[in-house]
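# Summary of structural features
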Amino acid sequence: MTKVFVPRDAAALALGAEAVARALAPHATIVRTGSRGLFWLEPMIEVETAGGRIAYGPVAAADIPGLLTAGLLTGGAHALRLGVPEQLPFLARQTRLTFFRCGVIDPLSLEDYRAHGGLTGLDRARAIGPAATIDTVLKSGLRGRGGAGFPAGIKWKTAADAAGTPKFIVCNADEGDSGTYADRMLMEGDPFCLIEGMAITGFAVGASKGYVYTRSEYPHAIATFDAALRIARAAGLLGTGFDIEQRMGAGAYVCGEETSLLESLEGRRGQVRAKPPLPAHKGLFGQPTVINNVITLASVPVILRDGPESYQALGFGRSRGTMPIQLAGNVKYGGLFEAGFGLTLGEIVNDIGGGTWNGRPVRAVQVGGPLGAYFPPALFDTPFDYEAFAAKDGLIGHGGVVVFDDTVDLAHQARFAMEFCSIESCGKCTPCRIGSVRGKETLDKIMAGIAVEANLELIRDLCHTMKFGSLCALGGFIPYPVMSALTHFPEDFHRARAAAA
C-alpha cells in the first residue's frame, strides 16, 4: 500500500490529525511523524509517490473522500495539494540542521533515524575521544540555546576537568517561554537526536547518567521520549556506561533556571541557588554537572558529523550556527523557521511571518518569552543575534517571537510582566518576590491615572533594583518588557482608563 505520512505532533493533533489518520487508514499505510513546523498548514500530510513526497494541507477528515477521488495516493491535483514539501517557500528558505528530520521520519524508528544520518556524530565522537570531542564543540562556537548564550564547549570542559564522580548531564526541557515550542517539536518528532546529543556529551565529560527535566504540560513529548528511551536501551545505545532518565516537572516557570531545576530534580522545592559554586563544579547531588537545554544538546550530533568548521561558517558575529525561530502570536505564517543567526527582526516578522494574520499593522514584537523586550517596528533592522539584541536592551532567549498588532496596550503588557513574576517567583530573593508585587500595584495606579509621573519614576527605580539585585534572571529580566514598553510606547501609560466593572 502507498505510504501516507501524517503528523502526530501536538499542534497537528489539536487541529484534527488523529481523525485524518483514521480516515486514511483503510486506504494507505500510515506513518506517523513529527511536524515540519508549518502550523498554518496543519494537519499537513505527505504521500510517497514515484517522484518523491507530495504534501497536502491543511487537511480535515472530511476532505479525505474528495482527495482520494482526485488521486491523492498518486499525488493527484487538488485544491489542497501543496507540492514537494522542500520546495515550499517557508521550508526552502531555511537552513535545517537540528530539525532536518522532523516531519520526515517516524520518530520511534531507530532504523529510520540511522538512515537519515543518525548516530554518525556519536560514532565520530567515540573515534576521536573525549578531549577532541570537547575541542570540536569549542571550535564550532555552539552557545547555549536556552537564553544566556554561554559557550557550550567551555561548560563541558569545566565539568570534564572538575574533580569528583559520578558526573551528570542534565537536559533542561522545561520550555516555559510564551511562543516557544522547539523543544516539544524535537522531542516529539526526533527524540533520538536528543538521546544522541546527550550520549555524546556524557562521553565527552565522563558522565554516567543523564536526566531530562520535561515540563508536565508536554504529555505527548513525555510519552514519545519515554518510548524512545526504551528503544535505545533495547538497542544497546543506553544502559552500558551511560543511561538517561526522564523526570517530569510540576509546571514552575522558575525551574527553567538551572539551579532551581537541580533543586527540583533532587526532590526539593524549585528555588534558585546562589552561585558560586557553579553547577559544572557542584551541581546535581553536589557533583560536576553539565546543564544544557534541548536544542543545544540536539545540535551536537550534526557538529560532530559535519565538523566544527561547517557549523562555524553559519551565523552572525559571535552567534554561530542556526537557531530555531518560533513565530507565534498574531502572525500570518506561524511556525518553526530554522536559519543561521543574522536575519533582521523585520525579515523574520514581515517576510517570513507574513505580518499579522488579520492584516492590521504590526505594533510590537516580543522576543525571548515573558522576560523579553517589546520591540517596535523602528527596531526591525536589529539582527537576530545575542549581542545585537543585548545592545538594544533585549534578549533572544529561547527564540520565541510573539507578534502583536496595533490594538495591543503595552501598559497592560507591562503589568502582565510584573504579575507573571509575582506568581512565578520562587521567593528566594526580596527584589523579585516583593518588587514584582509592588510593580504590579504601581502599574495599576498609573493605569488608573493616579500620580502618573511620580509612579512612572517609581517603576523605573524599582526596575533598576530588580535588574541588579535579583538572584536570577526571573527578577533580573522582568525589567526588560516593562522598561521597553515604557521607552518605546510611552503614550500607553498616559491614557485615562475606565474603572474595571
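Going by the structure above, here's the rest.
The notes below deal with the structure included here. (Residues numbered from 1 in each chain as written. Predicted model: local features only at pLDDT ≥ 70, side-chain atom pairs only at ≥ 80, totals over all residues. Heavy atoms only, no water.)

### Some words on the pattern of salt bridges
For clarity, the threshold we go by: The rule for a salt bridge is simple: a side-chain nitrogen of Lys or Arg has to be within 4 Å of a carboxyl oxygen of Asp or Glu. Secondary structure elements follow DSSP: runs of H or I no shorter than four residues count as helices, runs of E no shorter than two count as strands, and numbering proceeds from the N terminus. Exposure is judged per residue with a 1.4 Å probe applied to protein chains only, and the accessible area is read against the type maximum: over 50% gives exposed, under 20% gives buried, and values in between give partly exposed.
Overall, the coordinates contain 31 salt bridges when judged by the stated rule. Between arginine 318 and glutamate 387 there is a salt bridge, and its shortest N-O distance comes to 3.0 Å. Here arginine 318 is found in the loop between strand S10 (315-316) and strand S11 (319-320), whereas its partner glutamate 387 is found in helix H16 (residues 386-391), with 69 residues between them in sequence. Residue classification places glutamate 387 among the partly exposed positions, given a relative accessible area of 28%.

### Things to note about the pairing of strand S12 (residues 322-329)
For clarity, the threshold we go by: Pairing between strands requires that DSSP locate at least two bridges from one strand to the other.
Across the eight residues of S12, seven count as buried, placing the element largely inside the fold. Relative to strand S13 (residues 335-340), S12 runs antiparallel, the two being bridged by six bridges. Looking at the pairing, isoleucine 325 lines up with phenylalanine 337 of S13. Once S12 ends, the chain turns through five residues before running back antiparallel as S13.

### Considering the environment of isoleucine 45
Cut-off, in case you're wondering: A contact between two residues is defined here by any heavy atoms of the two lying within 4.5 Å.
Counting through the fold element by element, isoleucine 45 comes out in strand S3 (residues 45-49). According to the relative accessible area criterion, isoleucine 45 is buried, its value standing at 0%. When the C-alpha positions of isoleucine 45 and proline 7 are compared, they lie 7.0 Å apart, and in sequence the two are 38 residues distant. If we skip the residues at most four places from it in the chain, isoleucine 45 touches Val4, Phe5, Val6, Val20, Leu24, Ile54, Ala55, Tyr56, Val59 and Leu72.

### Description of the side chain of threonine 33
Inspection of the secondary structure puts threonine 33 in strand S2 (residues 29-33). When its relative accessible area of 4% is taken as the criterion, threonine 33 is described as buried. Those residues within four positions of threonine 33 in sequence are excluded, and the remaining contacts are Phe5, Val6, Pro7, Arg8, Asp9, Gly103, Val104, Ile105 and Pro107.

### Thoughts on helix H17 (residues 410-424)
Condition: The span expected for a helix works out to 1.5 Å for each residue beyond the first. In the analysis that follows, any N or O atom pair within 3.5 Å is treated as a polar contact, provided that within protein one partner can donate a hydrogen and the other can accept it, and provided that, for residues neighboring in sequence, both atoms belong to side chains.
Its 15 residues give H17 an end-to-end C-alpha distance of 21 Å, which sits within 8% of 21 Å, the value for a rise of 1.5 Å per residue. Restricting attention to buried positions, one finds in H17 the residues Leu410, Ala411, Gln413, Ala414, Arg415, Ala417, Met418, Phe420 and Cys421. Sitting at the amino-terminal end of H17 is aspartate 409, which places a side-chain oxygen 2.9 Å from the backbone nitrogen of alanine 411.

### Structural notes on a nonpolar patch on the surface
Heads up, the rule is: Patches in this entry comprise residues that are over 30% relatively accessible and not in a salt bridge; like charges within 9 Å are linked, as are nonpolar side chains (Val, Leu, Ile, Met, Phe, Trp, Tyr) within 5 Å. Accessible surface area values rest on a Shrake-Rupley calculation with a 1.4 Å probe, where residue burial reflects the displayed protein chains alone.
Where nonpolar side chains cluster on the molecular surface, the patch consists of Leu138, Phe150 and Ile154 and spans about 250 Å² of accessible area. When you line up the elements, leucine 138 lands in helix H7 (residues 130-140).

### Considerations on helix H11 (residues 219-234)
For H11, with 16 residues, the first-to-last C-alpha span of 23 Å sits near the 22 Å given by 1.5 Å per residue. Taken as a whole, H11 has its buried residues at Ala221, Ile222, Thr224, Phe225, Ala227, Ala228, Leu229 and Ala232. Summarising the contacts, the buried residues of H11 are in contact with helix H9 (182-189), helix H10 (191-205), strand S7 (209-214) and strand S8 (243-248).

### Remarks on the sheet that holds strand S5 (residues 81-83)
Heads up, the condition is: In this description, a line fitted to the C-alpha atoms serves as the axis of each element, helices being fitted only across the stretch in contact, and the angle between N-to-C directions of two axes falls anywhere from 0 to 180 degrees.
Read across the sheet, five strands follow the order S2-S1-S3-S4-S5 without closing on themselves; strand pairing throughout is mixed. Edge positions in the sheet fall to S2 and S5, since each has one partner strand and no second. Going from strand to strand, the sheet's axes swing by 30° on average, the running direction of each strand aside. In this sheet, S2 lies alongside strand S1 (residues 3-7) in parallel orientation, the contact comprising five bridges. Among the inter-strand pairings, phenylalanine 5 is bridged to a residue of S2, identified as valine 31.

### Considerations on the packing of aromatic side chains
The test is simple: In this scheme Phe, Tyr and Trp rings, the latter by its six-membered ring, pair at centre separations within 6.5 Å, and the angle between planes marks the pair as stacked below 30 degrees, edge-to-face above 60, and tilted otherwise. Only when the NZ of Lys or the CZ of Arg is both within 6 Å of the ring centre and within 35 degrees of the ring normal is a charge said to sit over the ring.
Counting across every chain of the model gives 14 aromatic pairs. Look at tryptophan 40 and tyrosine 333: their rings are 4.8 Å apart centre to centre, the planes differ by 55°, and that puts the pair in the tilted class. Placement of tryptophan 40 in the loop between S2 and S3 and of tyrosine 333 in the loop between S12 and S13 is noted, with a sequence separation of 293 residues between them. When its relative accessible area of 28% is taken as the criterion, tryptophan 40 is described as partly exposed. Summarising the aromatic geometry, the rings of phenylalanine 384 and phenylalanine 389 are spaced 5.6 Å apart at their centres and angled 75° between planes, so their arrangement reads as edge-to-face. Neither phenylalanine 384 nor phenylalanine 389 differs from the other in exposure class; each is buried. Through successive ring pairs, a cluster of aromatic residues spans Trp40, Phe90, Tyr333 and Phe337. Stacked on the ring of phenylalanine 5, the Lys or Arg arginine 53 has its end atom at 3.5 Å from the ring centre. Positioned above the aromatic ring of tyrosine 218, the side-chain terminus of arginine 215 is 5.8 Å from the ring centre.

### What to know about the sheet that holds strand S16 (residues 400-405)
Read from one edge to the other, the open sheet built from five strands follows the order S13-S12-S16-S14-S15, with strand pairing classed as mixed. The sheet terminates laterally at S13 and strand S15 (374-375), the two strands that pair on one side only.

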